[in-house]
Amino acid sequence: MSRITIGQFYPVDSPIHRIDPRVKLVGTIFYITVLLFVNHFAGYAVAAVFIALIVGISRVPPRLIFRGLRAIIFILVFATSINIFFTPGETLLFEVGFVRVTLEGLYFAAQMICRLILLILGSSILTLTTSPIRLTDGIESLLRPLKILRVPSHDIAMMMTIALRFIPTLADEMEKITKAQKARGAEFDTGGLIARAKSLIPILVPLFVSAFKRADELAIAMEARCYRGDINRTKMKQMKMTRADACAAGVMLVFFTAILATRFL
């Protein structure tokens, strides 16, 4: 759980927390899309400045946000290795057998690392500054026009929010199961690849059982509270766009335009 930040909510009063969840959702989508078009370190530098400003205004401890990067260390190392050793290029640095390391490969690998780190940080900020209830309301509001096509927007929003909410819960459960199995003498770091894969069975089986049990308990709790989806459902707090939300959207647009402009300048 200490390595998972996506899905956790940090309750504190800040301007970022008070922004309409629809603005943050659309902004996060555009942020991810813009990062995919960046092909220069100047764009990543602008994105890093944007993330630093958001973190500072949100009053979320930076260590809590950067802690989520520990969970993707393996992905970062794997992606870096693939891009360094298998990206073709003209400027050869050294070659050992079939392994060729080029300057273009190093450049592309560095870009990949920056992109993954910024993607994780941006996604973490969304969930850390938005409560699950407001996140559900925001997703449902954005999907509401699809009701014309008979798309169950409320059900989709509820499922997405529950999935995000249970990421840290399942991570915590997996940590407890792992410690319990180690206390019984289980070893997970010895043997070959097949032996290590088999050693995960005592963890995965209880984890799946616990996940299904939690899902069943959640369904019973929702039924006990007379939850019937979107049928005749009202909201205690109606979402309304304010001037602060419009200003936040304008600031995001300026930063996203600056990030995208680095691709063409």
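Residues numbered from 1 in each chain as written. Predicted model: local features only at pLDDT ≥ 70, side-chain atom pairs only at ≥ 80, totals over all residues. Heavy atoms only, no water.

Student: An account of the overall build of the protein chain is requested, with residue identities and associated values reported.
Tutor: Each helix and strand counted, the protein chain has 11 helices and 2 strands in total. Listing every helix and strand of the protein chain by position from the N terminus yields α-α-α-α-α-β-β-α-α-α-α-α-α. Considered along the principal axes of its C-alpha atoms, the protein chain spans approximately 70 × 60 × 40 Å. Partitioning the contacts of the protein chain with sequence separation of at least 6, the portion at a separation of at least 24 is 75%. Summed over all atoms, the accessible surface of the protein chain reaches about 16600 Å², with 70% contributed by carbon and sulfur. Treating the 31 positive side-chain charges of the protein chain as one cloud and the 18 negative ones as another, the clouds have centres 5 Å apart. (Helix = DSSP H or I, 4+ residues; strand = E, 2+ residues; numbered from the N terminus. Contact = heavy atoms within 4.5 Å. Areas by Shrake-Rupley, 256 points an atom, 1.4 Å probe, with all protein chains shown as cover. Lys, Arg positive; Asp, Glu negative; His and termini not counted. Charge placed at Lys NZ, Arg CZ, Asp CG, Glu CD.)

Student: For helix α5 (residues 73-86), give the residues involved together with the corresponding values.
Tutor: An α-helix turns once per 3.6 residues; consequently, residues spaced three or four apart project the same way. Taking 1.5 Å of rise per residue, 14 residues should cover 20 Å, and α5 covers 20 Å from first to last C-alpha, within 8% of that figure. Among the residues making up α5, those that are buried are Leu76, Ala79, Thr80, Asn83 and Ile84. Take α5 and look down its axis: the buried residues cluster within an arc of 125°, on one side only. Projecting away from the buried face of α5 at angles above 90 degrees are the exposed residues Phe74 and Phe86. Residues of α5 that are buried in the fold lie against β2 (99-102) and α6 (103-128). (Expected span 1.5 Å × (residues − 1). Buried < 20%, exposed > 50% of the residue type's maximum accessible area, 1.4 Å probe, protein only. Arc of directions from axis to C-beta.)

Student: Describe the pattern of salt bridges, listing the residues and the values that go with them.
Tutor: Inspection of every chain in the model, using the stated rule, returns 5 salt bridges. Ionic pairing is found between Lys176 and Asp172, a salt bridge with its closest N-O pair at 3.9 Å. Of the two residues, Lys176 and Asp172 are both situated in helix α8 (residues 153-183); the distance of 4 residues between them amounts to about one turn of the helix. (Salt bridge = Lys/Arg side-chain N within 4 Å of Asp/Glu carboxyl O.)

Student: Quick one: what's the story with the packing of aromatic side chains, residue by residue and with numbers?
Tutor: All chains considered together, the criterion is met by 7 aromatic pairs. Note on Phe50 and Phe256: the rings are 5.6 Å apart at their centroids and 65° apart in plane angle, and the pair reads as edge-to-face. With Phe50 in helix α3 (residues 41-58) and Phe256 in helix α11 (residues 243-261), this residue pair connects regions lying 206 residues apart in the sequence. Looking at Phe50, the relative accessible area reads 8%, which means it is buried. Taking 6.3 Å as the distance between ring centres and 20° as the angle between the ring planes, the aromatic pair formed by Phe74 and Phe78 counts as stacked. Note that Phe74 and Phe78 are positioned in helix α5 at a spacing of 4 residues, about one turn of the helix. Members of the aromatic cluster, each reached through a chain of ring pairs, are Tyr31, Phe50, Phe255 and Phe256. (Phe/Tyr/Trp six-rings, centres within 6.5 Å; stacked < 30°, edge-to-face > 60°.)

Student: Run through unusual backbone geometry, naming residues and quoting values.
Tutor: Of note in the backbone geometry, Arg59 takes a positive phi value of approximately 65° without being a glycine. Tracing the sequence through the fold places Arg59 in the loop between α3 and α4 (62-66). Unlike most non-glycine residues, Arg150 shows phi in positive territory, near 65°. Looking at the element boundaries, Arg150 is found in the loop between α7 (132-143) and α8. Since its relative accessible area comes to 78%, Arg150 is described here as exposed.

Student: Lay out α3 with the relevant residues and their values.
Tutor: Look at α3: 25 Å from first C-alpha to last across 18 residues, which is about the 26 Å you get at 1.5 Å a residue. Listed in full, the buried residues belonging to α3 are Gly43, Tyr44, Ala47, Phe50, Ile51, Ile54, Val55 and Ser58. Down the axis of α3, the buried side of the element spans an arc of 135°, and every buried residue falls inside it. Packing partners of the buried residues in α3 comprise α1 (15-18), α2 (21-37), α4, α6 and α11. At the C-terminal side of α3, Arg59 shows a positive phi close to 65°.

Student: Give a description of the packing of α2 against α7 that names residues and reports values.
Tutor: Across the interface, α2 lies against α7 with an axial gap of 8 Å and an inter-helix angle of 70°. Judged by the angle between their axes, α2 and α7 are roughly perpendicular. Residues Pro21, Arg22, Leu25 and Val26 of α2 lie in contact with α7, whose contacting residues are Arg134, Leu135, Gly138, Ile139, Ser141 and Leu142. The residue inventory of the contact of α2 with α7, partitioned by class, reads 6 nonpolar, 2 polar and 2 charged. (Axes fitted to C-alpha atoms, helices over the stretch in contact; angles between N-to-C directions. Parallel < 35°, antiparallel > 145°, perpendicular 65-115°, else oblique. Nonpolar A, V, L, I, M, F, W, Y, C, P; charged D, E, K, R; others polar.)

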